[in-house]
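# Commentary on secondary and tertiary structure
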Amino acid sequence: MDFTEVSLTALRVLRAVAEQGTFTAAAAELGYTQSAVSRQIASIERLAGAPLLERRRGGVRLTPAGRIVLRRAAVVLDEIDATARELSGLPARAGTVHVGWFPSAGAVLLPRALSALRRTDPAITVVTREGTTPALVRALRAGRVDLAVLASAPPFRPLDAETPALAVRTLTERSLRLAVPAGHPLAHRDFVDVADLRGQRWITAPSAGEDQLMGVWPGLDERPEIAHTARDWLAKLHLVAAGLGITTVPGVLAPAAPEGVRILPVRGGPQELRRMLLARAPGPLSEPVARVARALRAAAIELDTAP
């Protein structure tokens, strides 16, 4: 078998599977059947002469050979896409940087950084995508994003178990806070004691599993009363403003709170720290990616120095 005979379709399928984490999700993204995805992966593994994916319960991960192929594939596919754009008369994507971000980062940090970048580096085009932290880690590994702004909570484990490790830098580290309606009895204080959180009505995210109570103060010693669920941070804060309950928020969201909401620290229990991380694949950065990374770090410093 000669790997130089590999098809672009197989490379695209491998990248999608690596990013999505499962054959089923990759098939949905590409518009293929799952069996078609399986056939493409089987064909590229035959040409490589080695397994490229390790099949595990709940998904797949790249093998060392898979990481080599994917790293090279990302370059090939980007060049092919750029060639197609030039042939169709569209401008090349030189200077284009792809950034992934978790939802609350898009409320404050990302707009601030991109606004500054437009003034300092107007030639750089930034394309962004929202996603969960696990999905964005896979996108970094697959070469679909250059930078990712991610969330991290104690015990602050590595983002994944792959090697080489992603290059990670902490942008902000702030305590989790509480969003309460301006007319709520707790809103008239400088801080909330954790004991005062018992008996409150909560607004949470409609997630499953361990994140089912995202929005409730961690370690609350009672079964919380869930008044409403909302996936979007802004929707949750507007429900708070309407007096319909309280919720937790990362400290960096304080500037985005709408009128009628007070963001308060909580005391009397373990400190609940939350980090915002900037992650990228290991190795040297292109100048456009380095400039976007600097803009994100500068915006984070502004947020960290804000009250």
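Analysis parameters
- Numbering of residues begins from 1 in every chain and follows the order in which that chain's sequence is written.
- Predicted model: local features are reported for residues with pLDDT of at least 70 only, side-chain atom pairs are reported and counted for 80 or more only, and whole-chain, interface and lining totals are derived from all residues.
- Note that water and hydrogens are dropped before the side-chain values are worked out from all heavy atoms of the structure.
- To qualify as a nonpolar core, a set must consist of buried Ala, Val, Leu, Ile, Met, Phe, Trp, Tyr and Cys residues joined through side-chain atoms within 4.5 Å.
- The rule is simple: take the accessible area with a 1.4 Å probe, protein chains only, and divide by the maximum for that residue type; under 20% is buried, over 50% is exposed, in between is partly exposed.
- Runs of E in the DSSP output that reach at least two residues are strands. Runs of H or I that reach at least four are helices, and both are numbered from the N terminus.
- Only heavy atoms matter for contacts: two residues are in contact if any of them lie within 4.5 Å across the pair.
- A pair of Phe, Tyr and Trp rings is counted when the ring centres sit within 6.5 Å of each other, with Trp represented by its six-membered ring. The angle between the planes then sorts it: under 30 degrees is stacked, over 60 is edge-to-face, the rest tilted.
- Throughout this description, the term charge over a ring refers to an Arg CZ or Lys NZ atom that lies within 6 Å of the ring centre and within 35 degrees of the ring normal.
- Take the number of residues in a helix, subtract one, and multiply by 1.5 Å to get its expected span.
- All axes are obtained by fitting lines to C-alpha atoms, using only the stretch in contact for helices, and the reported angles, taken between N-to-C directions, cover 0 to 180 degrees.
- For classification purposes, an angle smaller than 35 degrees is called roughly parallel, one larger than 145 roughly antiparallel, one from 65 to 115 roughly perpendicular, and anything else oblique.
- Gly is put with the polar residues, along with every residue not named as nonpolar or charged; the nonpolar set is Ala, Val, Leu, Ile, Met, Phe, Trp, Tyr, Cys and Pro, and the charged set is Asp, Glu, Lys and Arg.
- Should DSSP find at least two bridges between two strands, the strands are taken to pair.
- Basic side-chain nitrogens of Lys or Arg form a salt bridge, by our definition, when they fall within 4 Å of a carboxyl oxygen of Asp or Glu.
- Crossing chirality is assigned from the near helix's rotation relative to the far helix, an anticlockwise turn below a right angle marking it left-handed and a clockwise turn marking it right-handed.
- Scored from 0 to 100, pLDDT reflects the predictor's confidence in each residue.

## Considering the nonpolar core
Formed by 34 residues in total, the largest nonpolar core has its most connected members in Leu109, Leu147, Val149, Met276, Val292 and Leu296. Sorting the residues of this core by element identifies strand S3 (96–101), helix H5 (109–120), strand S5 (147–152), helix H7 (233–241), strand S12 (261–264), strand S14 (273–280) and helix H8 (287–305) as the ones contributing at least two each. Considering every element that reaches this core, the biggest residue donor is H8, with eight residues. Excluding residues that lie within four positions of it along the chain, Met276 makes contacts with Phe102, Ala105, Leu109, Val149, Leu150, Arg169, Thr170, Leu171, Thr172 and Val252. Core analysis: the next-biggest nonpolar cluster, separate from the first, contains 24 residues, Val17, Leu47, Val60 and Leu62 among them.

## Overview of the packing of aromatic side chains
The full count for this structure, using the stated rule, is zero aromatic pairs. We note Lys236 situated over the ring of Trp233; from NZ or CZ to the ring centre the distance is 4.3 Å. The residue whose ring lies beneath Arg267 is Phe191, and the NZ or CZ to ring-centre distance is 4.1 Å.

## A word on helix H1 (residues 8–20)
Since the α-helix turns once every 3.6 residues, residues separated by three or four places project in the same direction. The terminal C-alpha atoms of H1, which comprises 13 residues, lie 18 Å apart, in line with the 18 Å expected from a rise of 1.5 Å per residue. Turning to H1, its buried residues number three or more, namely Ala10, Leu11, Val13, Leu14, Arg15, Ala16, Val17, Ala18 and Glu19. Downstream of H1 by one or two residues, Gly21 has phi in the positive range, about 90 degrees.

## Remarks on the packing of H1 against helix H3 (residues 34–48)
Two elements in contact, H1 and H3, have axes separated by 9 Å at closest approach and are oriented at 110 degrees. With respect to H3, the axis of H1 lies roughly perpendicular. Along its contact with H1, which presents Thr9, Ala10, Leu11, Val13, Leu14 and Val17, the element H3 presents Val37, Gln40, Ile41, Ser43 and Ile44. Grouping the amino acids of the contact of H1 with H3 by side-chain chemistry returns eight nonpolar, three polar and no charged.

## Focus on the sheet that holds strand S7 (residues 177–181)
Think of a sheet as strands paired side by side through backbone hydrogen bonds, with each pair either parallel or antiparallel. With antiparallel pairing, the three strands of this open sheet are ordered in space as S11-S7-S12. The sheet terminates laterally at strand S11 (247–249) and S12, the two strands that pair on one side only. Between one strand axis and the next, the sheet turns by 35 degrees as a mean value, whatever way the strands run. Pairing of S7 with S11 involves three bridges; the strand directions are antiparallel. Each residue of the ladder has a partner; that of Arg177, found in S11, is Val249. Those strands touched by H7 are S7, S11 and S12, and its axis lies near 135 degrees from that of S11.

## So, the pattern of salt bridges
Opposite charge on two side chains permits pairing when their charged atoms draw close. According to the stated counting rule, one finds 17 salt bridges in the structure shown. A salt bridge links Arg201 to Glu225; the shortest N-O distance between them is 3.2 Å. Taken together, the positions of Arg201 in strand S9 (residues 201–204) and Glu225 in strand S10 (residues 225–229) put the pair 24 residues apart, joining distant regions of the chain. Under the relative-accessibility criterion, Arg201 is labelled partly exposed at 39%. Among the residues examined, Glu225 registers a relative accessible area of 41% and is labelled partly exposed.

## What to know about helix H6 (residues 133–142)
With seven of 10 residues buried, H6 is to be regarded as a mostly interior element. Once H6 finishes, Gly143 follows within two positions and takes phi at roughly 80 degrees, a positive value.

## Regarding the packing of H1 against helix H2 (residues 23–30)
The packing of two helices is summarised by the inter-axis angle and the distance between the axes. At a minimum axis distance of 8 Å, the contact between H1 and H2 shows a crossing angle of 125 degrees. Taken together, H1 and H2 sit at an angle that is classed as oblique. Here H1 runs over H2; the crossing is right-handed. Mapping the contact onto sequence places Val13, Ala16, Val17, Glu19 and Gln20 in H1 and Phe23, Ala25, Ala26, Glu29 and Leu30 in H2. A per-class count over the contact of H1 with H2 returns seven nonpolar, one polar and two charged.

## As for the pairing of S5
Taking burial as the measure, the six residues of S5 include five buried ones, the bulk of the element. As defined by bridge partners, S3 adjoins S5 across three bridges and the pair is classed as parallel. In the strand pairing of S5, Gly100 is matched with Ala148. Where S5 meets S14, five bridges bridge the pair, whose relative direction is antiparallel. Residue Ser152 lies in a different strand from S14, and its bridge partner there is Arg275.

## Some details on the confidence of the model for the chain
Summing up the model confidence of the chain, the mean pLDDT is 86 and the portion of residues at 70 or higher is 93%. The lowest-confidence element of the chain is helix H4 (residues 64–87), averaging 81 in pLDDT; the highest-confidence one is S7, averaging 95. Under a pLDDT of 50 for its full length, residues 208–212 has, in the predicted model, three contacts with residues more than four places off or in other chains.

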